[in-house]
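Here is how the chains run, residue by residue.
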Amino acid sequence: MRLRVRHAARAGYEVTRPEETAHDGPASTTLSDCLVAVLGVEGPDVGDVTGTAAAAAEIVRSRADDLGTSRVLLVPDPAFAADDVAPELAEAVATETAAALARTTPDAFEVVRAPLGTYVVTDIETKAHPFADSTHTVRPDAEARSGARSGDAEWLLVTPDGDRRDPDEASLPPPLERWLTTARTTDASRTVSATELDRLASAGLADVPSSAPGAQGRWLPEGAVVRETITADIADRLAAAGATPVVTPPVADPGESIVGEYAATAPRQYTASSGDERALVPPTPEVGLRAALRDALEAGSDPPICLAETPGWSARPDGAGGTRPTMLTAAAPGDPALTSVQRDTELAVAACANLGVADGVVCRLAADAPVDVEWVERLASSLDRTLLVERSPEEQPERAVEVMIVATAGLDAPLALGRVRLDTAGGETLVDGTADDEEYRVGTADDGHPWLVTTEPVGSVEAATAAVLANRRNDANRLQLPVALAPTQVRLLPLEPGHGKRCVDLATTLRAAGVRADVDDRDRPVAARLDAAADVPFAAVVGDREAESGPLKVTDAVAGSEREMPVEALRERVAAAVDGWPRPRSRLPVRLSERTSLRADDDDGDHSGAAGDDSQR
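Along its length, the chain carries 16 helices and 25 strands. For the chain, buried positions account for 56% of its 617 residues. Taking as baseline every contact in the chain between residues at least 6 positions apart, the subset at least 24 positions apart corresponds to 77%. Of the roughly 24800 Å² that the chain leaves accessible, carbon and sulfur atoms contribute 47%.

We now examine helix H2 (residues 87–104). Taking 1.5 Å of rise per residue, the 18 residues of H2 would be expected to cover 26 Å, and the 26 Å separating its terminal C-alpha atoms lies within 8% of that figure. Listed in full, the buried residues belonging to H2 are Ala 90, Glu 91, Val 93, Ala 94, Thr 97, Ala 98, Ala 100 and Leu 101. Against the buried residues of H2 lie strand E2 (28–40), helix H1 (49–67), strand E3 (71–76) and strand E4 (110–113).

Among the nonpolar cores identified, the biggest contains 86 residues, and Leu 355, Val 401, Leu 417, Val 490, Leu 492 and Leu 552 are the most heavily contacted of them. The residues touching Val 401, leaving out its near neighbours within four places in the chain, are Cys 363, Arg 364, Leu 365, Ala 369, Pro 370, Val 371, Trp 375, Val 420, Arg 421 and Leu 422. Counting residues in each nonpolar core, the second largest holds 24 residues, with Met 1, Val 5, Leu 67 and Ala 90 among its members.

In the case of a regular strand, side chains alternate between the two sheet surfaces. Counting buried positions along strand E20 (residues 451–456) yields six of six residues, so the element is predominantly enclosed. The side-chain alternation of E20 yields two buried faces, one formed by Trp 451, Val 453 and Thr 455 and the other by Leu 452, Thr 454 and Glu 456. Sheet topology places strand E15 (residues 326–331) next to E20; five bridges connect them, and they run antiparallel. Each residue of the ladder has a partner; that of Ala 330, found in E20, is Leu 452.

Before going further, it helps to examine the pairing of E15. With six of six residues buried, E15 lies mostly within the body of the structure. Burial along E15 is two-sided: the residues Thr 326, Leu 328 and Ala 330 and Met 327, Thr 329 and Ala 331 are all buried.

As a further point, take the pattern of salt bridges. Evaluation of the coordinates by the stated rule reveals 28 salt bridges. The salt bridge involving Lys 501 is made with Asp 505; its shortest N-O contact spans 3.0 Å. Placement of both Lys 501 and Asp 505 in helix H13 (residues 500–512) is noted, with a separation of four residues, approximately one turn of the helix. The exposure class assigned to Asp 505 is partly exposed, which follows from its relative accessible area of 36%. Close ionic contact of Asp 520 with Arg 522 constitutes a salt bridge, the shortest N to O distance being 2.8 Å. Arg 522 shares its class with Asp 520; the two are buried.

Moving on to the packing of helix H10 (residues 335–355) against helix H11 (residues 373–383). For the pair H10 and H11, the least separation of the axes is 10 Å and the interaxial angle reads 35°. H11 is crossed by H10, and the crossing has right-handed handedness. The segment H10 lies against H11, with Leu 338, Val 341, Gln 342, Thr 345, Glu 346 and Val 349 engaging Trp 375, Leu 379, Ser 382 and Leu 383. For the contact of H10 with H11, a count of residues per class yields six nonpolar, three polar and one charged.

Our focus in this paragraph is the environment of Trp 581. One can find Trp 581 in the segment after helix H16 (567–577). If sequence neighbours within four positions are ignored, Trp 581 has contacts with Thr 229, Asp 233, Asn 354, Leu 355, Ala 484 and Leu 485.

Right, let's talk about the sheet that holds strand E14 (residues 305–309) for a bit. An order of E8-E7-E17-E16-E18-E19-E20-E15-E14-E11 is seen for the ten strands of this open sheet, with the pairing classed as mixed. A single partner strand is all that each edge strand has here, and the edge strands are strand E8 (164–165) and strand E11 (244–245). Judged from the six bridges that link them, strand E16 (residues 360–365) and strand E18 (residues 401–407) form a sheet pairing that is antiparallel. Following the sheet pairing, Cys 363 is matched in E18 by Val 403.

Strand order in the open sheet formed by five strands is E22-E21-E23-E24-E25, with mixed pairing between adjacent strands. What marks the edges here is a single partner per strand, and that holds for strand E22 (517–519) and strand E25 (561–565). Strand-to-strand, the axes of this sheet are offset by a mean angle of 25°, without reference to chain direction. The pairing of strand E21 (residues 490–494) with strand E23 (residues 538–542) spans five bridges and is classified as parallel. Within E23, the residue paired with Leu 492 across the bridge is Ala 540. The strands that H13 touches are E21, E22, E23 and strand E24 (552–556); relative to E22, the one it contacts most, it runs at about 170°. Across the sheet, H16 lies against E21, E23, E24 and E25, angled at about 20° from E24, the strand it touches most.

With respect to the helices and strands, the residue Thr 135 is situated in strand E6 (residues 133–137). The buried category is assigned to Thr 135, whose relative accessible area is 2%. Sequence separation between Thr 135 and Val 38 is 97 residues; the distance between their C-alpha atoms is 9.3 Å.

With that out of the way, let us pick up the environment of Pro 482. Mapped onto the fold, Pro 482 is located in the loop between helix H12 (461–470) and E21. Along the backbone, Pro 482 and Val 558 are 76 residues apart, and their C-alpha atoms lie at a distance of 8.3 Å. If sequence neighbours within four positions are ignored, Pro 482 has contacts with Val 468 and Arg 472.

Secondary-structure assignment places Ser 340 in helix H10. Not counting chain neighbours up to four residues away, the residues in contact with Ser 340 comprise Thr 329, Ala 331 and Val 453.

Between the first and last C-alpha of helix H7 (residues 221–240) there are 29 Å, a value that for 20 residues agrees with the 28 Å anticipated at 1.5 Å per step. Residues of H7 that are buried sit in contact with strand E10 (218–219), E14, E15, H10 and H12. Looking one or two residues beyond H7, the residue adopting positive phi is Gly 242, at roughly 95°.

A few words now on the confidence of the model for the chain. Mean pLDDT over the chain works out to 80, with 78% of the residues at or above the 70 mark. Put simply, helix H3 (residues 142–152) is where the chain has its lowest mean pLDDT, 42, and H10 is where it has its highest, 96. Residue range residues 265–269 is modelled with pLDDT below 50. Its contacts to residues more than four positions away, or to other chains, number 18 contacts. Per-residue pLDDT stays below 50 along residues 609–617; that stretch engages in 31 contacts with residues further than four places along the chain or on separate chains.

Attention shifts here to unusual backbone geometry. Trans is the common state for peptide bonds, and a negative phi is the common state for residues other than glycine. A cis geometry characterises the amide bond from Pro 303 onward to Pro 304, with omega recorded as 5°. Checked against the element boundaries, Pro 304 lands in the loop between helix H9 (285–298) and E14. In this model, Asp 33 sits at a positive phi of 40°, which is unusual for a non-glycine residue. One can find Asp 33 in strand E2. Positive phi values are uncommon outside glycine, yet Asp 384 reaches one of about 55°. Secondary-structure assignment places Asp 384 in the loop between H11 and strand E17 (387–391). Overall, the relative accessible area of 59% leaves Asp 384 in the exposed class.

Scoring rules and cut-offs
Residues numbered from 1 in each chain as written. Predicted model: local features only at pLDDT ≥ 70, side-chain atom pairs only at ≥ 80, totals over all residues. Heavy atoms only, no water. Helix = DSSP H or I, 4+ residues; strand = E, 2+ residues; numbered from the N terminus. Buried < 20%, exposed > 50% of the residue type's maximum accessible area, 1.4 Å probe, protein only. Contact = heavy atoms within 4.5 Å. Areas by Shrake-Rupley, 256 points an atom, 1.4 Å probe, with all protein chains shown as cover. Expected span 1.5 Å × (residues − 1). Core = buried A, V, L, I, M, F, W, Y, C linked by side-chain atoms within 4.5 Å. Pairing = 2+ DSSP bridges. Salt bridge = Lys/Arg side-chain N within 4 Å of Asp/Glu carboxyl O. Axes fitted to C-alpha atoms, helices over the stretch in contact; angles between N-to-C directions. Left-handed = near helix turned anticlockwise from the far one by under 90°. Nonpolar A, V, L, I, M, F, W, Y, C, P; charged D, E, K, R; others polar. pLDDT = per-residue confidence, 0-100.

Right, here's the structure in full:
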């Protein structure tokens, strides 16, 4: 089954021809603040209706818990499935899914199932927050697989000095304890709190415009600086690792062999067609990178081949979209590929640690993983971190080894950010359709195909930024980005209109030195403008004394202090705080009064430092 779960402000259905639609429920229904679960029932599902329905119900229930809603609309949709199933069989799976939800949720939980038929019209208004839309693949044995995760999977704690411990008997670091607790009840890698991810919108860094499909976000001007800084940092790290940067087409042909596997699971709103032509829009970064790897092999390049791309926005098959800088490496099977996994894990941990969101590291090993615990011990030693290891009883060659960097501080639930994944089978698609497979064989493994290592150093930039914001408050109890990420690093406030020119001159001087500075010259009391600047790292009021080229009286939100310093000393203070980071310049007007707002609830365009005050949320 393909299952798409959407968080909706409002959703409903209407049967336009009840006499031609078999359904024992109401002819129309509307729910508010609900989940919409679209069920694409496929052939294998009918072989285990109970198991498939139970697995689908568990995913829906878990998502409902995460999003704080107790209403679900189930919508069976044959067009969402990869193959055709008789309507009566699809109805049976949908009915059993509704029953499974009813059995496993409290009495207050409301489940409504839309009928299946040609004359059923659905109307869904998706909520405007990141990750409100996700897509899942549910297999008939998923219930057993879920049980394996919570009960049959083996868990092990591996320390940097090589100790192996039972996590149920050892004292776990709090982040790993939270992950383990969550993983034993649900799929922890997808446990994302909508409240935490909504921080980007409350920060004034991003929003979800009405024109965007699903949960595709839009970075606002201030947020674009944050995105540019993080992606530039990741690009530098990937280049240092030897990755060749590429820019692949924004659309892909689902009929092409290397794209087809993604087209089958891509969220439906990201596919398009015109006549007989179909396109996948936008593809996951791996689509373009795999095609580029194949071209490199055909051009005679020898593994290891390492390519990287930072797309504007991409949709992963599980629906967790966003800006995902991605590196894909084709390496010879065995030790060369495992060396790439270790190198990339070190890179991802360093990238997340630089953001302050590397709270823990989790390593998943499938039953067919080509590594043993000794390899994990070497990885823990190289990272100098304790690893939580999950050994699954099932074979998963597409993710034989997966390492995740976990953020927990300030979050309602653990969040997997950086990821490194070893695929021991995907290399076969790189030679699919070539004239002679033998020409591209590498290494000494029996299959001869390269192994693929996919690396997302911080996961999505959107989720990583939300995690950064989650636990950073200054002395004014305002959420605050680090100086290197702050859209505005220095804010100057003229005491009177006549001081405006001096402020602009100072801001221009700072900008020329690489400091993101601006001037709040809006027609407001100074106290109100100071309050608006509480999340800017450095702010200074410019009056008569300062206008005479005297030192500035600077409020340092980072240190929680106030001090006098010359402009040059302020520049040096900012430079020290951003040392080692990329330093994109501000492209916004210097004067706040000249800025354009893109949000109806924007406070005159002032979202300059970070998240503002969400203490009431």
